[in-house]
Amino acid sequence: MSTTRLTFAVTGMHCDSCGLLIDDEVEELPGVTTSTTDVRTERTIVECAGPVDPELIVNAIAEAGYQGRHLD
Ligand SMILES: [Cu+2]
């Protein structure tokens, strides 16, 4: 099974709890292994146990209340 890593630029975060909210939301998605958000660099890095549609992750970030953009 292949692992994929997706990177997102996230705006709207103010503190570490914002990052945790995003990670909680993203980690509920099927296929996502871990989500790691760095508030300072404004990046969310998502490890997936296979292909996951980046749009689903953008939606999960939006559900947490922030704006995400798929980078690579
Ligand atoms: Cu916050």
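We now turn to the structure provided with this report.

### Re the pattern of salt bridges
In step 1: Scanning the entire structure with this criterion turns up two salt bridges.
In step 2: Close ionic contact of Glu47 with Arg5 constitutes a salt bridge, the shortest N to O distance being 2.7 Å. A residue pair is termed long-range when its members are at least 10 positions apart, and Glu47 in strand β3 (residues 43-48) and Arg5 in strand β1 (residues 4-11) qualify at 42 residues.
In step 3: Between Asp16 and Arg40 there is a salt bridge, and its shortest N-O distance comes to 3.5 Å.

### Some remarks on the pairing of β1
In step 1: Pairing analysis gives six bridges linking β1 to β3, with the strands arranged antiparallel. Each bridged residue has a counterpart across the sheet, and for Thr4 the counterpart in β3 is Cys48.
In step 2: Taken together, the four bridges between β1 and strand β4 (residues 67-70) define a ladder with antiparallel strand orientation. Bridging across to β4, Val10 finds its partner in Gly68.

### Considerations on helix α1 (residues 16-26)
In step 1: Among all positions of α1, only Cys18, Gly19, Ile22, Asp23 and Val26 are buried. Buried residues of α1, seen end-on, are gathered within an arc of 135° and therefore sit on one face of the element. Relative to its buried face, α1 has exposed residues pointing more than 90 degrees away, namely Leu20 and Asp24.
In step 2: Check the buried side of α1 and you find it contacts β1, β2 (32-38), β3 and α2 (54-64).

### Things to note about the coordination of the copper ion
In step 1: Bound to the copper ion on the protein side are Cys15 (SG) and Cys18 (SG), at distances that span 2.1 to 2.2 Å.
In step 2: What makes Cys15 partly exposed here is its relative accessible area of 36%.

### Digging into the sheet that holds β4
Strand pairing in a sheet is mediated by backbone hydrogen bonds. Such pairs are either parallel or antiparallel.
In step 1: Across the sheet, four strands lie side by side as β2-β3-β1-β4; this open sheet has antiparallel pairing. Where the open sheet ends on each side, the last strands, each with one partner, are β2 and β4. Averaged over neighbouring strand pairs, the angle between their axes works out to 25° when direction is ignored.
In step 2: Where α1 meets the sheet, it contacts β1, β2 and β3, and its direction lies at approximately 165° from that of β2.

Each value, and the rule that gives it
Residues numbered from 1 in each chain as written. Predicted model: local features only at pLDDT ≥ 70, side-chain atom pairs only at ≥ 80, totals over all residues. Heavy atoms only, no water. Salt bridge = Lys/Arg side-chain N within 4 Å of Asp/Glu carboxyl O. Helix = DSSP H or I, 4+ residues; strand = E, 2+ residues; numbered from the N terminus. Pairing = 2+ DSSP bridges. Buried < 20%, exposed > 50% of the residue type's maximum accessible area, 1.4 Å probe, protein only. Arc of directions from axis to C-beta. Contact = heavy atoms within 4.5 Å. Donors = N, O, S within 2.8 Å, 3.2 Å for Na, K, Ca; no water. Axes fitted to C-alpha atoms, helices over the stretch in contact; angles between N-to-C directions.

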